[in-house]
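Coordinate inspection notes
The residues making up each chain are set out below.
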Amino acid sequence: MAVLPRAEIDVAPSLVTSLLTDQHPDLADLPVRFVSHGWDNFLFRLGADLVVRLPRREVADALMVTEQQWLPGLTRHLSVPTSAPLRAGLPGSGYPWHWSVCRWIPGAGGITVPRARRAPVAVPLARFLAEFQRPAPPGAPRSPVGRGGPLTARDDVVRARLASLPGVPAGPLMDLWDRALAAPAWAGTPLWLHGDLHPANTVLTAGGVLAGVVDFGDLCSGDPATDLAAAWLHFDAAGRSAFRAALEARRPTDPATWDRARGWAVSMGSALAASSDDAPAFLSLGLEVLAAVLEEESGAPAVAR
């Protein structure tokens with residue numbers, strides 16, 4: 001069974017309070033309660049307006065440090081709220097890794113909203129990317145798992161996933177993957193990337209408005225196609241059309257970049273589908289993404305659900 005990564009440490013509200021008492025005592029009296037966890041981090045609500053993010057795996061520690069170093073400066077000008085750290089935390093109180101206090105953004109995770117109802121988010125999400133994807137300096141981080149880099153680095157693992165997933169039309173997906181690999185590589189200046197812009201990392205209001213973008217743990221620089229995969233990660237055909245039109249209006253994008261973006265959607269969708277047997281929402285998202293990348297293929301079969 002393919003499962004989400006296991007936590008390498010237990011974190012209780014009392015530990016969060018202890019860390020705050022030692023390092024940010026002005027916040028230590030606020031109530032703390034566990035909210036959820038993802039692949040890399042625990043989330044604890046802190047009072048009414050804050051959230052504490054703590055790595056649950058050692059591999060996420062370096063990602064947290066990258067967020068703390070770069071994200072506050074990168075997000076000050078954005079029109080969309082983000083989870084940029086407001087306070088940085090250090091190892092202590094028996095906890096071995098870096099952690100952050102961030103803004104709590106009210107709303108629902110985009111993954112909880114049906115794909116057909118996410119279309120109103122298409123234009124503001126495109127605006128977020130146009131604002132965020134600025135040229136990165138030479139010292140900007142590169143992804144340890146290849147986000148923002150060439151798709152060829154993912155070739156073996158993507159082919160293995162597609163071949164192993166039950167109910168997935170591997171042949172058409174392999175053809176699409178080959179087309180993405182054949183697209184000219186990004187030759188421009190490396191741009192800043194969110195790195196993991198799937199629906200669970202966006203926050204929507206009850207009215208379907210984009211309330212925020214969160215979890216920049218994969219923050220890196222490189223080929224913008226990685227983030228443009230959001231067209232297939234988030235939206236149905238109507239939403240993709242609106243997303244692409246809104247982005248093109250702000251920043252014209254060549255067809256090769258969109259081809260690579262769809263390749264990144266295949267990579268991310270197959271990863272979600274292959275690693276989420278114990279997480280139905282992520283498994284469903286992965287299968288939806290693989291179906292979405294085939295929707296533009298004439299006569300393509302649907303992915304089994």
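Residues numbered from 1 in each chain as written. Predicted model: local features only at pLDDT ≥ 70, side-chain atom pairs only at ≥ 80, totals over all residues. Heavy atoms only, no water.

Points about unusual backbone geometry
Defined as follows: Starting at the N terminus, helices and strands are each numbered in turn, a helix being any DSSP run of H or I of at least four residues and a strand any DSSP run of E of at least two.
Positioned with a positive phi, S93 is a non-glycine residue whose angle comes to about 55°. Backbone geometry places D215, a non-glycine residue, at a positive phi of 55°. Along the chain, D215 falls in the loop between strand 9 (210-213) and strand 10 (220-222).

Structural notes on the packing of aromatic side chains
Rules: Pairs were defined over the aromatic rings of Phe, Tyr and Trp, the Trp ring being its six-membered one, requiring ring centres within 6.5 Å. Orientation was assigned from the angle between planes: stacked under 30 degrees, edge-to-face over 60, tilted for the rest. Two conditions define a charge sitting above a ring: the NZ of Lys or the CZ of Arg must be within 6 Å of the ring centre, and it must be within 35 degrees of the ring normal.
Across all of its chains, the model carries ten aromatic pairs by this definition. A connected cluster of aromatic rings, assembled from ring pairs, spans W232, F235, F243 and W258. R56 extends its terminal NZ or CZ atom over the ring of F42, reaching a point 5.8 Å from the ring centre. Here the basic side chain of R244 rests over the ring of W258, its NZ or CZ set 4.3 Å away from the ring centre.

Some points on the sheet that holds strand 9
Inclusion rule: Following DSSP output, two strands are said to pair if at least two bridges run between them.
Taking strand neighbours across the sheet as the criterion, the three strands line up as 6-8-9 in an open arrangement whose pairing is antiparallel. The open sheet terminates on both sides in strands that have one partner only, identified here as strand 6 (108-109) and strand 9. Direction of pairing for strand 8 (residues 202-204) relative to strand 9: antiparallel, over a ladder of three bridges. Bridged to V203 within strand 9 is G212.

Description of the pattern of salt bridges
We apply this condition: Salt bridge, as used here: a side-chain nitrogen of Lys or Arg that lies within 4 Å of a carboxyl oxygen of Asp or Glu. Partly exposed describes any residue whose relative accessible area lies between the buried limit of under 20% and the exposed limit of over 50%, with all areas from a 1.4 Å probe on protein chains only and scaled to the type maximum.
Within this structure, the stated rule accounts for ten salt bridges. A salt bridge links D26 to R87; the shortest N-O distance between them is 2.7 Å. On the criterion of sequence distance, the pair formed by D26 in the loop between helix 1 (13-23) and strand 1 (32-37) and R87 in strand 4 (residues 85-89) is long-range, its members being 61 residues apart. For D26, a relative accessible area of 55% translates into the label exposed. D223 is the salt-bridge partner of R260, the closest N and O atoms lying 2.7 Å from each other.

A look at the sheet that holds strand 5 (residues 99-103)
Rule in force here: Note on method: axes are straight lines fitted to C-alpha atoms, helices fitted across the in-contact stretch only, with angles between N-to-C directions ranging 0 to 180 degrees. Every residue pair with non-hydrogen atoms within 4.5 Å of one another is taken to be in contact.
Ordered in space as 1-2-3-5-4, the five strands form an open sheet in which the pairing is antiparallel. Edge positions in the open sheet fall to strand 1 and strand 4, since each of these has one partner strand only. Between one strand and the next, the sheet's axes are offset by a mean angle of 25°, whatever the strand orientation. Contacts from helix 1 reach strand 1, strand 2 (41-46), strand 3 (50-55), strand 4 and strand 5 within the one sheet, and its direction differs from that of strand 5 by about 90°.

Here's the deal with the pairing of strand 1
Of the strand pairs in this sheet, strand 1 and strand 2 are connected by five bridges, and their pairing is antiparallel. Paired with H37 across the two strands is F42, which belongs to strand 2. Counting the residues in the hairpin turn of strand 1 and strand 2 gives three residues.

Comments concerning the environment of S275
Basically, it comes down to this: Any pair of N or O atoms that falls within 3.5 Å is considered a polar contact. Within protein, one atom must be able to donate a hydrogen and the other to accept it, and sequence-neighbouring residues count only if both atoms are side-chain atoms.
Here S275 lies in the loop between helix 9 (255-274) and helix 10 (280-294). For the pair S275 and A140, spaced 135 residues apart in the sequence, the C-alpha separation amounts to 29 Å. A polar atom in the side chain of S275 sits 3.1 Å from the backbone oxygen of A271.

Section: the side chain of R161
In plain terms, the rule: Positive: Lys, Arg. Negative: Asp, Glu. His and the chain ends are not part of the count.
Residue placement: R161 occurs in helix 4 (residues 155-164). Here R161 is buried and forms no salt bridge, its nearest opposite-charge partner D155 lying at an N-O distance of 10 Å. With residues up to four places along the chain from it excluded, the contact list for R161 reads R154, S267, S270, A271 and A274.

So, the confidence of the model for the chain
Selection rule: pLDDT measures the predictor's confidence residue by residue and takes values from 0 up to 100.
Across the chain, the average pLDDT comes to 93, with 96% of residues at or above 70. Low pLDDT, under 50, characterises residues 298-305; the predicted model gives this stretch 18 contacts beyond four residues in sequence or across chains.

Brief notes about the environment of A122
Take A122: it is sitting in helix 3 (residues 122-132). Judged by relative accessible area, A122 falls into the buried class, the value being 0%. Sequence separation of A122 and L247 is 125 residues, and the distance between their C-alpha atoms is 9.4 Å. When near neighbours in sequence (up to four residues on either side) are disregarded, A122 contacts F235, G239, A242 and F243.

Some thoughts on helix 8 (residues 237-250)
Quick reminder of the rule: Helix span is expected to be 1.5 Å times the residue number reduced by one.
In a regular helix each residue adds 1.5 Å, so 14 residues correspond to 20 Å; helix 8 covers 20 Å between its end C-alpha atoms and thus fits that length. Summarising the contacts, the buried residues of helix 8 are in contact with helix 3, helix 6 (225-228), helix 7 (230-234), helix 9 and helix 10.

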